[in-house]
Amino acid sequence: MLKPLLFSALLGLALQPAFGQNSRPNVIFIYADDLGYGDLSCYGATKIKTPNVDRLAAEGLRLTNGHSTSATCTPSRYSLMTGEYAWRKKGTGVLPGDAQLIVPTDKTTLPGVFKKAGYVTGAVGKWHLGLGDPGTKINWNKSIPKGPNDVGFDYAYYFPATSDRVPTVFIENRDVVGLDPNDPIEVDYQKPIGSEPTGKDHPELLKLPASPDHGHNNTIVNGIGRIGYMTGGKQARWTDEEIAHVFVDKAEAFLEQHKQKPFFLYFSLNDIHVPRMPSTEFKGKSGLGLRGDVILQLDWTVGRIMDKLKSLGIDKNTLILFSSDNGPVLDDGYADHAVAAAQAAGHKQLGPLRGGKYSAFEGGTRVPFLVRWPGVVKAGSVSDALVCQIDFLSSFAHFFKQPVPDADAPDSQNQWDALLGKSVKGRSVLVQQGGSLSVVKGNWKYVEPREGPKVLKLTDIESGYDGQAQLYDLSKDIGEQTNVAAQHPDLVKELAGLLDKIRKD
Ligand code: NG6
Ligand code: CA
């Protein structure tokens, strides 16, 4: 009895390197929206439990100094896709729902790297990088000429911008899903269009009222006022409470369909962005209000993906990356009582950090960042290495031994070893984009001077704006409480010079 067992074990060992089990792993990037450094129990949250994401951490690497490239969505995603700091390119701020595609179609992109390596590539979820040709108004009733399929994705199922922006429809590759040709869609961000009620004129129709002054009060869809006006496409419009289900079903279908070949799935969740509208099973379950409920929904989504990989038998050879596109915000436009709920429960969405979404402080870009790859990444490991999502492109290109043309991905670095926890070094320098730019070098963070409100009025978030230079020692002061610029004029000069130089590069 022993012999055949031993034999097959030895054979297994011998065959593994020959088949290169780890040379072509499947890769899934699960990208949360607006999830904060302190929103997960594996990052220290005590008022909410996220067992599935915690499982990712327990079975993989938890990075404590992992960053999105920017403190808002579009620039973070632009940098993720292109490997270029978004502030280098005009028009990469938060986009309206009718914006044109901002990712170049003739340059190396993150999904393009996978495609070139022979992978099947898919995008499911939030897009928010624009659609269609520059200078051309999108016609939602025809095939959309430019989008995810033109920048490296073989398959895409997504919504155009954010769930608080029109049009509130899903698109599969180039076509709006479920569109009735007799009820064409029109969208306008400047002026009201059609005759449907708006949140501004008909607040009595809203199931989720807008916060004062945030302006989420244009066309009402599914009882929620949106940013922007739309008419038509009634049958195609989504139900917010179903978005998480629709996306995870599509993601699972993609995994199932491509389980035989290596794939890259960019799984870009709607949670926990506003409007926070959990499906019924999560409503009221967190004790932290709607914002907490959608964190549970996000956690459930991660669990679904992990279970699916297991049941398909591809769990061992799949590398999962998990992160968020920017830091947390409580009130981002709707009266969902997120502020009161967090305060009442004592939930700290930022953990020990300062700032949040939109901010130049660490809370803007330091986000949850997990890597799970059984047998390669050590289970339960933690690393302080400075890493950033902008580096995925060059890191995977390095892994596939693909040269990246000099003109492409100028700011992306190969951080493969740091991303897998094999090196504690990580980046030596990173530029972070809040309202102002900061440069981090080693323990030091320099925030460039910029006039502006210290607290953003709508969201009540500390912006990091200051007319004077700021310098923080992150090794002692992760909460950026003490500006030590006056004590270290030489360092301030050096880092200001470094930022200038990177700007001009
Ligand atoms: C802001 C919206 C906010 C959110 C954000 C984009 C207002 C006042 N606020 O402009 O609600 O939609 O854009 O979020 O309009 S992000 O995560 O996609 O960057
Ligand atoms: Ca976001």
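In case you missed it, the structure is sitting above this.
Not measured: the values here are computed from a predicted model.

**Examining the pattern of salt bridges**
Here the idea is simple: oppositely charged side chains can pair when their charged atoms come close.
Moving on, step 1. Throughout the structure, instances matching the rule amount to 34 salt bridges.
Moving on, step 2. Where Glu-256 meets Lys-308, a salt bridge forms, and the shortest distance between an N and an O atom there is 2.3 Å. Within this pair, whereas Glu-256 is found in helix α5 (residues 243–257), its partner Lys-308 is found in helix α6 (residues 289–311), the two being separated by 52 residues in sequence.
Moving on, step 3. The partly exposed category is assigned to Glu-256, whose relative accessible area is 37%.
Moving on, step 4. A residue is classified by how much of its surface remains accessible, and Lys-308, at 16% relative accessible area, is buried.
Moving on, step 5. The salt bridge partner of Asp-391 is Arg-427, with a shortest N-O separation of 2.7 Å.

**Topic: the packing of α5 against α6**
Moving on, step 1. Following both chains from N to C, one finds α5 and α6 inclined at 15°, their axes separated by 10 Å at the closest point. It follows from the interaxial angle that α5 and α6 lie roughly parallel. Seen along the crossing, α5 lies across α6 with a hand that is right-handed. Contact with α5, carried on its side by Ala-244, His-245, Val-248, Asp-249, Ala-251, Glu-252, Leu-255 and Glu-256, involves Gln-297, Trp-300, Thr-301, Arg-304, Ile-305, Lys-308 and Leu-309 of α6 and no other residues of that element.
Moving on, step 2. Its residues assigned to classes, the contact of α5 with α6 shows seven nonpolar, three polar and five charged.

Rules and cut-offs
Residues numbered from 1 in each chain as written. Chains lettered and ligands numbered in written order. Predicted model: local features only at pLDDT ≥ 70, side-chain atom pairs only at ≥ 80, totals over all residues. Heavy atoms only, no water. Salt bridge = Lys/Arg side-chain N within 4 Å of Asp/Glu carboxyl O. Helix = DSSP H or I, 4+ residues; strand = E, 2+ residues; numbered from the N terminus. Buried < 20%, exposed > 50% of the residue type's maximum accessible area, 1.4 Å probe, protein only. Axes fitted to C-alpha atoms, helices over the stretch in contact; angles between N-to-C directions. Parallel < 35°, antiparallel > 145°, perpendicular 65-115°, else oblique. Left-handed = near helix turned anticlockwise from the far one by under 90°. Contact = heavy atoms within 4.5 Å. Nonpolar A, V, L, I, M, F, W, Y, C, P; charged D, E, K, R; others polar.

Geometric descriptors of this kind do not, in isolation, establish any biological role.
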